[in-house]
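Residue-level listing of the chains:
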Amino acid sequence: MAGTEEDQFNAFITRCPVDTGEPGKQGTGRLAGQCIAIKDNISTSGIMTTCGSAILKGYIPPYDAHVITRLLNEGAIIAGKTNMDEFGMGTTTENSAFGPTRNPVNPERVPGGSSGGSAAAVAAGLVPLALGTDTGGSIRCPAAFCGIVGLKPTYGRVSRYGLIAYANSLEQIGPMAKTVTGVSDLMQVIAGHDPRDATSTDHPYTHTPNAEISGKRIGVPEEFFGAGVDAPVAETVRKAIDRLEAGGAEIVPCSMKSMAYALAAYYVICTSEASSNLARYDGVRYGVPVDTKPQWHDGFRAVRGAGFGPEVQRRILLGTFALSAGYYGKYYAKAQIARQQVRADFDRLFKEVDLLAGPTMPTVAFKLGEMADPLSMYLADILTVPANLAGVPAISVPCGTVDGMPVGLQVMGRPFDDEGVVDVAYAYEQGVI
């Protein structure tokens, strides 16, 4: 717990020396003396922050992200910066310039991504708590694969100041822990308004998890169990939902037709935003300079070609294409229309039910190297991206195993009803009845 254990799963990129036994190290505050792992795309003053990319190797931010300031003010100790898919682009934490992270449940499998390092650090017992970021499921996916709890808060409820941007309109910082209570405790510290973030809202989180869910209407969209969801995973999650029903919740079958185009809309939007955000890595503003030719564009190309990995290059190219003059209306504009339809679907459903439930991921954790085909990796995000498109809160809580690997139950709620999704997850965790 002190941040000194052997990291056999490659969960960390940077370890911070910690000794909580020193006098005065315990401090005061709600997280006094607790070691917390931080995903390596969250700025930490004086600690290398790389986003899992060679282009930022050696970069040391001059300031702390808002969430880091809040953690330190509550007595938390930074254990280190965790491994991640480069710039958050991936579902396995294999797309890292620092090597893949392994799943503590089975080291021959991936921990999920892109917050795989944070999930592995918690699952392996290296830290009790961690911060991840979720752009299209990057907290919930590794939480499900590693058998821990992960919350993607409502968009705007946690400040993104100091988060190195990938896709601004989608991503959120969120808590990860072995228990729902741990996630809720960490959420209490990081949530709240920050004037430095224009998307930040004044919705502090002061909730204590409550296992009483009697009378809650929980919708179960049939599309959440559609093609691509492994039958054993579906069966495990349906049994978990049956337990919620036995605990007093009313289960309401429903439909979410916008699932048919949510994934395509997500990848057009996130790659387009990435194309814009990553333009700053040119060897002048950010990035490691390389030997360049006389022409500026040759140097620009050389820096990015040497510093970015294949998946980042692929997404930049896709996003640049979608934003180009001849294709903007055909792809990006249509993706935004589809995004509005996803939001409208959530709005419609939340007039009928209080929450939605289904699998977090369509399969259990992949074997290392299994997702070599990028399209197969993209398809794995089908169940998590709708919450990011709509900005609603979503949590993953362990609900069983298939072939010895964890399965996650995902619960989504109305905007700013993070408390509601936490309560359902807590009720399940506590045995419901």
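You'll find the structure just up there.
Residues numbered from 1 in each chain as written. Predicted model: local features only at pLDDT ≥ 70, side-chain atom pairs only at ≥ 80, totals over all residues. Heavy atoms only, no water.

### Here's the deal with the overall build of the protein chain
A tally of regular secondary structure across the protein chain gives twelve helices and eleven strands. Taking 2.2 N^0.38 as the reference for a compact globule, 433 residues should give roughly 22 Å; the C-alpha atoms of the protein chain span a radius of gyration of 20 Å, in line with that estimate. Reported as C-alpha extents along the three principal axes, the dimensions of the protein chain are approximately 70 × 65 × 45 Å. The proportion of buried residues among the 433 residues of the protein chain is 59%. Long-range contacts, defined as pairs at least 24 residues apart, comprise 75% of the intrachain contacts of the protein chain with a sequence gap of at least 6. As displayed, the protein chain has an accessible area near 16,000 Å², and 53% of this comes from carbon and sulfur atoms. Taken together, the 36 basic and 44 acidic charged side chains of the protein chain have centroids lying 5 Å from each other. (Helix = DSSP H or I, 4+ residues; strand = E, 2+ residues; numbered from the N terminus. Rg over C-alpha atoms; globule rule 2.2 N^0.38 Å. Buried < 20%, exposed > 50% of the residue type's maximum accessible area, 1.4 Å probe, protein only. Contact = heavy atoms within 4.5 Å. Areas by Shrake-Rupley, 256 points an atom, 1.4 Å probe, with all protein chains shown as cover. Lys, Arg positive; Asp, Glu negative; His and termini not counted. Charge placed at Lys NZ, Arg CZ, Asp CG, Glu CD.)

### Quick look at a nonpolar patch on the surface
A cluster of nonpolar residues, Phe321, Tyr327 and Tyr331, forms a patch on the protein surface that exposes about 270 Å² of accessible area. Its place among the elements puts Tyr327 in the loop between helix H8 (310–323) and helix H9 (328–352). On the basis of relative accessibility, which here comes to 33%, the residue Tyr327 falls in the partly exposed class. (Patch = residues over 30% accessible without salt bridge, like charges linked within 9 Å, V, L, I, M, F, W, Y side chains within 5 Å. Salt bridge = Lys/Arg side-chain N within 4 Å of Asp/Glu carboxyl O.)

### Things to note about the pattern of salt bridges
A full pass over the atoms with the stated rule returns 15 salt bridges. With its nearest N and O atoms 3.4 Å apart, the salt bridge here joins Glu74 to Arg30. Here Arg30 lies in the loop between strand E1 (12–15) and strand E2 (35–39) and Glu74 lies in the loop between helix H1 (66–73) and strand E3 (77–82), a separation of 44 residues in the sequence. For Glu74, a relative accessible area of 18% puts it in the buried group. Taking relative accessible area as the criterion, Arg30 reaches 47% and is therefore assigned partly exposed. Taking the shortest distance from any N to any O, the salt bridge between Lys239 and Glu235 comes out at 3.5 Å. In this pair, Lys239 and Glu235 both sit in helix H5 (residues 231–246), four residues apart, roughly one turn of the helix.

### What to know about the pairing of strand E4 (residues 129–134)
Counting buried positions along E4 gives six out of six residues, so the element sits mostly inside the fold. A two-sided burial pattern is seen for E4, the buried positions comprising Leu129, Leu131 and Thr133 on one face and Ala130, Gly132 and Asp134 on the other. Judged from the three bridges that link them, E2 and E4 form a sheet pairing that is parallel. In the sheet register, Ala37 faces E4, and the bridge partner there is Ala130. Two strands pair when backbone bridges link them, and E4 and strand E6 (residues 172–177) are joined in this way by six bridges, in the antiparallel orientation. Bridge assignment links Gly132 to a residue of E6, and that residue is Gly174. (Pairing = 2+ DSSP bridges.)

### Examining the environment of Thr154
Following the sequence through the fold, Thr154 ends up in the loop between strand E5 (149–152) and E6. Spatially, the C-alpha atoms of Thr154 and Ala394 are 7.8 Å apart, while their sequence positions differ by 240 residues. What Thr154 contacts, discounting residues up to four positions off in sequence, is Gln172, Gly391, Val392, Pro393, Arg414, Pro415, Phe416, Asp417 and Asp418. A distance of 2.8 Å separates a polar atom in the side chain of Thr154 from a polar atom in the side chain of Asp418. (Polar contact = N/O pair within 3.5 Å; in protein donor to acceptor, adjacent residues only side chain to side chain.)

### Here we look at the pairing of strand E8 (residues 250–254)
Where strand E7 (residues 217–221) and E8 come together, five bridges link them in parallel fashion. Note that in E8 the partner of Arg217 across the bridge is Glu250. In this view, the connection linking E7 to its parallel neighbour E8 by way of H5 has right-handed handedness. (Right-handed = clockwise from strand over helix to strand, strands pointing away.)

### Description of helix H4 (residues 180–190)
Along an α-helix, residues three or four apart share an orientation, since each turn contains 3.6 residues. Most of H4 is tucked away: nine of the eleven residues are buried. Within H4 the residues assigned to the buried category are Val180, Gly182, Val183, Ser184, Leu186, Met187, Gln188, Val189 and Ile190. One or two residues past the end of H4 sits Gly192, with phi positive at roughly 135°.

### So, the sheet that holds strand E9 (residues 355–359)
One open sheet accounts for eleven strands, arranged E1-E3-E2-E4-E6-E5-E10-E11-E9-E7-E8; its pairing is mixed. With partners counted over all chains shown, the strands left at the sheet margins are E1 and E8, one partner each. For this sheet, the mean inter-axis angle between neighbouring strands, taken without regard to orientation, is 30°. Sheet analysis places strand E10 (residues 394–402) next to strand E11 (residues 405–413), joined by eight bridges and oriented antiparallel. (Axes fitted to C-alpha atoms, helices over the stretch in contact; angles between N-to-C directions.)

### Points about unusual backbone geometry
Note on backbone geometry: most residues besides glycine have negative phi, and most peptide bonds are trans. Look at the link from Gly113 to Ser114: it is a cis peptide, with omega at 5°. One can find Ser114 in the loop between E3 and helix H2 (116–123). Not every positive phi belongs to a glycine, and Phe87 is a case in point at roughly 55°. Position of Phe87 among the secondary structure elements: in the loop between E3 and H2. In this structure, Asp403 takes a positive phi of about 55° despite not being glycine. Locating Asp403 in the fold gives a position in the loop between E10 and E11.

### What about the packing of helix H6 (residues 259–277) against H8?
Between H6 and H8, the shortest axis-to-axis distance is 7 Å and the interhelical angle comes to 100°. In terms of orientation, H6 and H8 fall into the roughly perpendicular class. Side by side, H6 and H8 meet where Tyr267, Val268, Thr271, Ser272 and Ser275 of the first sit next to Arg315, Ile316, Leu318, Gly319, Thr320, Ala322 and Leu323 of the second. Among the residues making up the contact of H6 with H8, the classes are represented as six nonpolar, five polar and one charged. (Parallel < 35°, antiparallel > 145°, perpendicular 65-115°, else oblique. Nonpolar A, V, L, I, M, F, W, Y, C, P; charged D, E, K, R; others polar.)

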